[in-house]
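Architecture at a glance
One letter stands for each residue in the lines below.
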Amino acid sequence: MRLGNNLRRCRFDANEMSQADLAEAVGVTRQSIHSIEKGKFVPSTLLALKLAKFFNKTVEDIFFIIEIE
Amino acid sequence: MKEHSRTLIWICIILASLSLAWLGYNSFMYRDIPNILVIQNIYTNFIGYGLLVFFFSHIIINLCGFLSARYSKYMSVAQNVLIVLGAISFIFLLLHFVSLHEIEDDFTNGYPFKSMLKLTWHSQLIMICFFLFSLIYFIILARKSGRMDSTKSISREQIFVTLNIIGIVCSIVGILMVLIYFKFQGIQHSLRRYDIVPYGFIILPYLLVLAGWGIRYYNDRRSGWYDEKQNSNINRSGMVALMVSLPLLMFLTIFCFLKAPASSEQFYISGTITVLWLPFYLFIVLFVFSVTALYNYKNN
């Protein structure tokens, strides 16, 4: 099981926002956004909620579980 | 860009220009080495004043280079090069000072001093490279200052990366110095009191960057020291540093114990290793920690 996300799509839907601008908005570094998008880093609940709030979506709209057999 | 940042940039441009001019003067005077080192007059005194100027210029330029991270969105590579070059040049400034002192001593006692003379010129060259690079860097920064925007996320990222790069550079220099000391002086050599001082200077650039981070944190307390990914990377690196350094130090202690000379059917350990284990351990931990932190930050 691992965490998937639609963060990249959300950014593009929000006027093709850059990773740096999103990082600035939620108070993390650009590298953190990059790692979350790539699925290398699992964000905390707080950051996931911040991201959802920023895009005006629910956490489940952005993050989902990928089942691996 | 804030007005005081622009002032700092101009201070750095002036300091770099002044240092370059002074390096030119010193190079001109060094043609008469070693005679000028034993003569006391106004011209030779200026060489000493120059070393003081270089010392403070290094500290101010490095600190400004570090603080300019926020405004150098398009110059992050150049900024990292500046800080790394600054750290190397600072270490060579100290070696420059030592080499001049050694040349004077050797000349007075009639010993050869060719290798020290080489070190003097090499350190002079590295300092010229640093001041020239910083001059170009700050001129470009001053020209771009009107167009630049500031982002906290970029700045925090650069601080983290820069701190770890400086950590790697300082620790490599420190480890090499300890190993060279062991190689030439031997494990049982008694340590002189001033032998320990250079290790303090080697760690100084890292402490300066750390101080710069502290200043930035004080100015922007809301965003914290580092974000959650950096926090996770630091935790993981701390664990790796502990796992690597402890067995290494255990091995080193056993090695030194077995190599120590026997006296009255008892083993004793004395000399260099009893004191130098601390800088050695410190630099090993710093190296492993910085490398893993940087690797995790880029790849995980």
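If you're wondering where the values come from, they're calculated on a predicted model, not measured in any experiment.

Looking at the overall build of chain A
Tallying secondary structure elements over chain A gives five helices and two strands in all. Order of helices (α) and strands (β) in chain A, N terminus to C terminus: β-α-α-α-α-α-β. Counting the 69 residues in chain A, one finds 28% classified as buried. Restricting the contact set of chain A to residue pairs at least 6 apart, pairs at least 24 apart contribute 56%.

Some thoughts on the interface of chain A and chain B
Each partner contributes residues to the interface: chain A has 14 residues there, and chain B has 13 residues. Going through the elements one at a time, helix 2 (19-26) and helix 3 (30-38) of chain A are the ones with two or more residues in the side of chain A that touches chain B. Its residues assigned to classes, the side of chain A that touches chain B shows five nonpolar, six polar and three charged.

Overview of the packing of helix 3 (residues 42-67) of chain B against helix 7 (residues 197-219) of chain B
All names here are of chain B. Axis separation between helix 3 and helix 7 bottoms out at 10 Å; the angle between their running directions is 45 degrees. When the axis of helix 3 is compared with that of helix 7, the two are oblique. Between helix 3 and helix 7 the crossing geometry is right-handed. In this structure, helix 3 contributes Ile59, Asn62, Leu63, Phe66 and Leu67 to the contact, and helix 7 contributes Pro205, Leu208, Val209 and Gly212. Taken together, the residues of the contact of helix 3 with helix 7 sort by class into seven nonpolar, two polar and no charged.

Notes on the nonpolar core
All names here are of chain B. Ranked by internal contacts, the top residues of the largest apolar core, which has 53 residues, are Cys12, Ala87, Met127, Ile166, Cys170 and Val209. Among the elements that make up this core, the one with the highest residue count is helix 9 (residues 272-299) (eleven residues). Of the domains in this structure, domain 1 (1-146) and domain 2 (151-300) are the two that each give at least three residues to this core. Leaving out residues up to four positions away in the same chain, Cys170 has contacts with Ala87, Ile202, Ile203, Pro205, Tyr206 and Leu286.

Considerations on helix 3 of chain A
Looking at helix 3 of chain A, one finds that the buried residues are Arg30(A), Gln31(A), Ser32(A), Ile33(A), Ser35(A) and Ile36(A). Once helix 3 of chain A ends, the next one or two residues include Gly39(A), with phi positive near 80 degrees.

Re unusual backbone geometry
All names here are of chain A. Phi angles above zero are rare outside glycine, and Glu16 is one such case at about 50 degrees. Using a count of 8 C-beta atoms within 10 Å as the deciding quantity, one classes Glu16 as exposed. One non-glycine residue, Asn56, adopts positive backbone phi at about 60 degrees. As for its placement among the helices and strands, Asn56 is situated in the loop between helix 4 (45-55) and helix 5 (59-62).

Each value, and the rule that gives it
Residues numbered from 1 in each chain as written. Chains lettered and ligands numbered in written order. Predicted model: local features only at pLDDT ≥ 70, side-chain atom pairs only at ≥ 80, totals over all residues. Helix = DSSP H or I, 4+ residues; strand = E, 2+ residues; numbered from the N terminus. Buried ≥ 20, exposed ≤ 12 C-beta atoms within 10 Å, placed from the backbone. Contact = placed C-beta atoms within 7 Å. Nonpolar A, V, L, I, M, F, W, Y, C, P; charged D, E, K, R; others polar. Axes fitted to C-alpha atoms, helices over the stretch in contact; angles between N-to-C directions. Parallel < 35°, antiparallel > 145°, perpendicular 65-115°, else oblique. Left-handed = near helix turned anticlockwise from the far one by under 90°. Core = buried A, V, L, I, M, F, W, Y, C linked by C-beta atoms within 7 Å. Domains from an automatic or database assignment.

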